[in-house]
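If you want the building blocks of each chain, they are given just below.
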Amino acid sequence: MDLFSINEEIGIGLVLWHPKGAIVRKIIRDFWEEEHLKNGYQLVCTPHIARGGLWKISGHLNYYKQNMYLFEKDGEPYVVKPMNCPFHIQIYNSKPRSYRDLPIRYAEWGTVYRYERSGTLHGLLRVRGFTQDDAHIFCTAEQVDEEILKIIEFTEHILQKFGFHEYKMYLSTREPKEPEKYMGSEEDWKLAQKALAEALKRKEITYREMPGEAVFYGPKIDINIIGASGREWQCSTIQFDFNLPRRFNITYIGSDGKQHEVVMIHRALLGAIERFFAILIEHYRGNLPVWLAPTQVRILPIGGNYLPYAKKVHKKLQVHGIKSEVDSSSSTISYKIREAEVQNIPHMIVCGKREVKSKKISVRKHGVGSLDLLTIKELIRNIKNECNR
Ligand SMILES: [Zn+2]
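On a predicted model such as this, the values are computed, not experimentally measured, just so you know.

A. Spatial organisation of the layout of surface pockets. Taken as a whole, the largest pocket spans an internal volume of roughly 1200 Å³. If you trace the largest pocket, you find 37 residues lining it, with M83, R114, Q132, Y217 and T237 closest to the centre. Those elements that provide at least two residues to the lining of the largest pocket are α3 (60-63), β8 (129-139), β11 (220-226), β12 (232-241), α7 (244-247) and β15 (263-272). Looking at the lining of the largest pocket residue by residue, the classes come out as 15 nonpolar, 12 polar and 10 charged. The volume enclosed by the second largest pocket comes to roughly 460 Å³. Taken together, 18 residues make up the lining of the second largest pocket; nearest its centre are I27, W291, K323, C387 and N388. Sorting the residues of the lining of the second largest pocket by element identifies α1 (19-38) and α12 (376-388) as the ones contributing at least two each. Counting residues per element, the lining of the second largest pocket draws most heavily on α1, at 7 residues. Taken domain by domain, the lining of the second largest pocket gets at least three of its residues from each of domain 1 (4-46 + 81-283) and domain 2 (297-388).

B. Structural view of the sheet that holds strand β9 (residues 167-173). Ordered in space as β3-β7-β8-β15-β12-β11-β9-β10, the 8 strands form an open sheet in which the pairing is mixed. The open sheet terminates on both sides in strands that have one partner only, identified here as β3 (42-43) and β10 (207-211). Bridge analysis of β9 against β10 gives 5 bridges, and the strand direction is parallel. By the bridge assignment, M169 is partnered in β10 with Y207. Against the sheet, helix α8 (residues 273-283) makes contact with β7 (104-113), β8, β11, β12 and β15, and its axis sits at roughly 45 degrees relative to β15, the strand it touches most.

C. Representation of the coordination of the zinc ion within the structure. On the protein side, the zinc ion has C85 (SG), H136 (NE2) and H266 (ND1) as donor atoms, found 2.0 to 2.4 Å from it. Look at where the donors of the zinc ion fall in the sequence and you get C-x50-H-x129-H. Here the residue C85 occupies a position in helix α4 (residues 85-92), and H266 occupies one in strand β15, the gap between them amounting to 181 residues. The class for C85 is buried, based on a relative accessible area of 5%. Judged by relative accessible area, which is 10%, H266 ranks as buried.

D. The state of the cysteines, seen in detail. Overall, the coordinates contain 0 disulfides when judged by the stated rule. With no disulfide partner, C235 has as its closest neighbouring cysteine sulfur the one in C85, 18 Å distant.

E. Inspection of the sheet that holds strand β16 (residues 297-301) at higher detail. Taken in spatial order, the 5 strands make up an open sheet running β17-β16-β18-β19-β20, and their pairing is mixed. Strands at the two margins of the open sheet, each flanked by one partner only, are β17 (324-326) and β20 (371-374). Adjacent strand axes in the sheet meet at a mean angle of 30 degrees when their direction is disregarded. Taken together, the 4 bridges between strand β19 (residues 361-365) and β20 define a ladder with antiparallel strand orientation.

Definitions and cut-offs
- Residues numbered from 1 in each chain as written.
- Predicted model: local features only at pLDDT ≥ 70, side-chain atom pairs only at ≥ 80, totals over all residues.
- Heavy atoms only, no water.
- 1 Å grid on protein atoms, 1.4 Å probe; cavity = no way out; pocket = protein on both sides within 12 Å on 5 of 7 lines; lining within 4 Å.
- Points joined across faces, edges and corners; volume = space filled by probe spheres on them.
- Helix = DSSP H or I, 4+ residues; strand = E, 2+ residues; numbered from the N terminus.
- Nonpolar A, V, L, I, M, F, W, Y, C, P; charged D, E, K, R; others polar.
- Domains from an automatic or database assignment.
- Pairing = 2+ DSSP bridges.
- Contact = heavy atoms within 4.5 Å.
- Axes fitted to C-alpha atoms, helices over the stretch in contact; angles between N-to-C directions.
- Donors = N, O, S within 2.8 Å, 3.2 Å for Na, K, Ca; no water.
- Buried < 20%, exposed > 50% of the residue type's maximum accessible area, 1.4 Å probe, protein only.
- Disulfide = S-S within 2.5 Å.

Spelled out as structure tokens, the structure:
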């Protein structure tokens, strides 16, 4: 499909997005950012590298060093970010916060780099550089229940737009017999695990509890999507964190005038975009819905004489935000149609004598095949309606 490639000279596990892949990526990102803004998130942008000291505070240099890309400049260590969290925390900490400011929700398409052994790398599914659709929520203990519920509802809303309607949910909790393995107090864990479980129950979602599966710094919910082939994919994660708020001293001033520790939640809905992209392609078997299709319309002139007319139609569609292209090859019209069908192009426009004369276009739909004589305006309206469905 000419969407991406991985090049040995650049490095394995590092993805080159070709024009068609990049446009799908932009469509996903635009949708994602707009929905986040509508749902109370604020967008942030953060750098790709940071001083070693930051990662000392976060604990990554102690616990995660073998997965990080490190380098030195002017005698000082730097790290290529394996995570976005410390950056979002520093934005939160850039000024004093009051309980009236909370919850604060920062979202970012943050590109991170993690060293993975070359044997474990696999196409888009496991890479070394990837973009997380990341967000961090800073709230009070009283707001936690509501926030978790909101995240679950928002996750469903986003995933459904991409055509995923079936999920499996898992609640990873701590091993009660080994409390020394975990950060945070008994109280913290109870509050967090209860908030996660309650939200799932309130939504009448069946889930499986996984005792002992939580990471040391907090419990989490995993939402796995079921693709068209029935395969289960780990996708969204909602993760409590009792570690970073203490390490970075993230607080707010309560209504009592005193400092309180915030509750911090990490969450990614699509996970790694590279991986999600591979899941999407598999789910739709390469036949992406019109709103996600890198080419929505291909214009097929019958012979070179009608190429100028085809280009005129193309320009008009482009101006209206329709992703179109012209097949300017010298192939026969039936070959051009076959090619467009094989490549899953949703709409084809045939341009010949009849079309030029009537100032209309013949539109053929992928998999349907009917030829309708439409005006360009009508086609644009049809495509826009399809995209909004
Ligand atoms: Zn995080």
